[in-house]
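# Structure assessment
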Amino acid sequence: DSGVTQTPKHLITATGQRVTLRCSPRSGDLSVYWYQQSLDQGLQFLIQYYNGEERAKGNILERFSAQQFPDLHSELNLSSLELGDSALYFCASSFRQGYNEQFFGPGTRLTVL
Amino acid sequence: DQQVKQNSPSLSVQEGRISILNCDYTNSMFDYFLWYKKYPAEGPTFLISISSIKDKNEDGRFTVFLNKSAKHLSLHIVPSQPGDSAVYFCAASASQTGANNLFFGTGTRLTVIP
């Protein structure tokens with residue numbers, strides 16, 4: 001158990017809908033990262049927050065947004081969903097910037113029908 | 001553009017022997033490298049890391065070697081155990097860019113045969 005929690009574990013929805021994925025980082029960790037893993041692919045970085053502020057952006061679509069709240073939990077919002085958005089979405093956390101390992105949650109499997 | 005590559009999608013090894021997983025990268029800004037292990041339906045689990053100022057880091061049965069001139073790293077598992085069967089991901093970050101998001105390879109599925 002990494003200490004990072006993600007809810008829900010599974011999510012099935014229809015095209016055009018909007019969903020929110022939630023992540024609680026390990027106790028004391030200030031950075032939260034979101035990654036997407038599509039079928040047979042490696043994890044692709046989406047976005048990072050550090051202590052409530054956006055710190056880095058990867059290949060995140062404009063239909064996707066995220067935020068980190070004062071209690072350090074984070075939410076990833078996916079809107080106007082398309083079939084291709086079906087993937088595993090992982091949240092990771094680390095204490096600080098720099099040479100730090102990231103600890104991953106169990107992921108949310110999103111299926112768009 | 002895949003900046004971290006794991007060219008072997010799978011590897012089978014007998015129990016007790018050495019497992020060697022390889023990883024190549026293209027971005028010379030990468031200065032921190034990590035290996036993660038992933039079981040089905042779980043998130044990646046951190047295994048071992050190495051900074052670019054070192055060429056070797058060891059933790060129990062796991063050793064990571066870094067060859068900066070070749071932009072290559074490898075993970076050695078000795079001796080291999082059936083519980084090591086999983087997908088292994090190589091990852092890299094470029095801390096000097098101000099962000100430490102990870103760039104992942106596509107993974108190597110290791111099967112340790114009892």
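Above this note sits the structure.
The present account deals with the structure reproduced in this document.

Another aspect to go through is the overall build of chain B. From N to C terminus, chain B includes 0 helices and 11 strands. Ordered by position from N to C terminus, the α and β elements of chain B give β-β-β-β-β-β-β-β-β-β-β. Taking 2.2 N^0.38 as the reference for a compact globule, 114 residues should give roughly 13 Å; the C-alpha atoms of chain B span a radius of gyration of 14 Å, in line with that estimate. In chain B, which comprises 114 residues, the share counted as buried stands at 49%. Within chain B, the 9 negative side-chain charges are centred at a point lying 2 Å from the centre of the 10 positive side-chain charges.

Attention now goes to the sheet that holds strand β1 (residues 5-7) of chain A. All names here are of chain A. Strand order in the open sheet formed by 4 strands is β1-β3-β8-β7, and the pairing between neighbours is antiparallel. Two strands close off the open sheet at either side, each with one partner strand: β1 and β7 (64-68). Ignoring which end each strand starts from, the neighbouring axes of this sheet average 15 degrees apart. Of the pairings in the sheet, the one linking strand β3 (residues 19-24) to strand β8 (residues 74-78) comprises 5 bridges and is antiparallel in character. Across the sheet, R22 pairs through a bridge with E75, a residue of β8.

The next subject is the state of the cysteines. Residues and elements named next belong to chain A. On inspection of all chains with the given rule, the structure shows 2 disulfides over all chains. Two residues share a disulfide in this structure: C23 and C91, whose sulfurs sit 1.8 Å from each other. Judged by the torsion about the S-S bond (-50 degrees), the C23/C91 disulfide is left-handed. Highlighted residues: C23 in strand β3 and C91 in strand β9 (residues 87-94), separated in sequence by 68 residues.

Glancing now at the packing of aromatic side chains. Residue and element names in this part refer to chain B. The tally for this structure, following the rule as stated, stands at 14 aromatic pairs over all chains. Both rings, one in Y36 and one in F104, keep their centres 5.8 Å apart while their planes meet at 50 degrees; by these two values the pair is tilted. On the criterion of sequence distance, the pair formed by Y36 in strand β4 (residues 32-38) and F104 in strand β10 (residues 103-104) is long-range, its members being 68 residues apart. Taking the centre distance of 6.3 Å and the plane angle of 85 degrees together, the rings of F89 and F104 count as edge-to-face. Of this pair, F89 sits in strand β9 (residues 86-93) while F104 sits in strand β10; the two residues are 15 residues apart in sequence, bridging distant segments of the chain. Taking the relative accessible area as the measure of exposure, F89 reaches 2% and is therefore buried. Overall, the relative accessible area of 4% leaves F104 in the buried class.

On the surface, I18(B), I20(B) and V78(B) cluster together into a nonpolar patch covering about 230 Å² of accessible area. Structurally, V78(B) is set in the loop between β8 (72-77) and β9.

Residue and element names in this part refer to chain A. Enumeration over the complete set of coordinates arrives at 6 salt bridges over all chains. Among the ionic pairs, R22 bridges to E75, the shortest N-O distance being 4.0 Å. You can see R22 sitting in strand β3 and its partner E75 sitting in strand β8, a full 53 residues away along the chain. With a relative accessible area of 18%, E75 lands in the buried category. Between D85 and R63 there is a salt bridge, with the nearest N and O atoms lying 2.8 Å from each other. In this pair, D85 sits in the loop between β8 and β9 while R63 sits in the loop between β6 (53-57) and β7, placing the two residues 22 residues apart along the sequence. Relative accessible area serves as the criterion here: at 19%, R63 is assigned to the buried category. Within the structure, one salt-bridge network assembled from shared partners comprises R63, E82 and D85.

Here the focus is the sheet that holds strand β1 (residues 4-5) of chain B. All names here are of chain B. Taken together, the 5 strands give an open sheet; going across it, the order is β1-β3-β8-β7-β6, and neighbouring strands pair in antiparallel fashion. Each of the sheet's edge strands pairs with one partner strand only, and the pair in question is β1 and β6 (56-59). Note: strand β3 (residues 19-25) against β8, 6 bridges, orientation antiparallel. Along β8, the bridge assignment pairs L21 with L75.

Calculation rules
- Residues numbered from 1 in each chain as written.
- Chains lettered and ligands numbered in written order.
- Predicted model: local features only at pLDDT ≥ 70, side-chain atom pairs only at ≥ 80, totals over all residues.
- Heavy atoms only, no water.
- Helix = DSSP H or I, 4+ residues; strand = E, 2+ residues; numbered from the N terminus.
- Rg over C-alpha atoms; globule rule 2.2 N^0.38 Å.
- Buried < 20%, exposed > 50% of the residue type's maximum accessible area, 1.4 Å probe, protein only.
- Lys, Arg positive; Asp, Glu negative; His and termini not counted.
- Charge placed at Lys NZ, Arg CZ, Asp CG, Glu CD.
- Pairing = 2+ DSSP bridges.
- Axes fitted to C-alpha atoms, helices over the stretch in contact; angles between N-to-C directions.
- Disulfide = S-S within 2.5 Å.
- Phe/Tyr/Trp six-rings, centres within 6.5 Å; stacked < 30°, edge-to-face > 60°.
- Patch = residues over 30% accessible without salt bridge, like charges linked within 9 Å, V, L, I, M, F, W, Y side chains within 5 Å.
- Areas by Shrake-Rupley, 256 points an atom, 1.4 Å probe, with all protein chains shown as cover.
- Salt bridge = Lys/Arg side-chain N within 4 Å of Asp/Glu carboxyl O.

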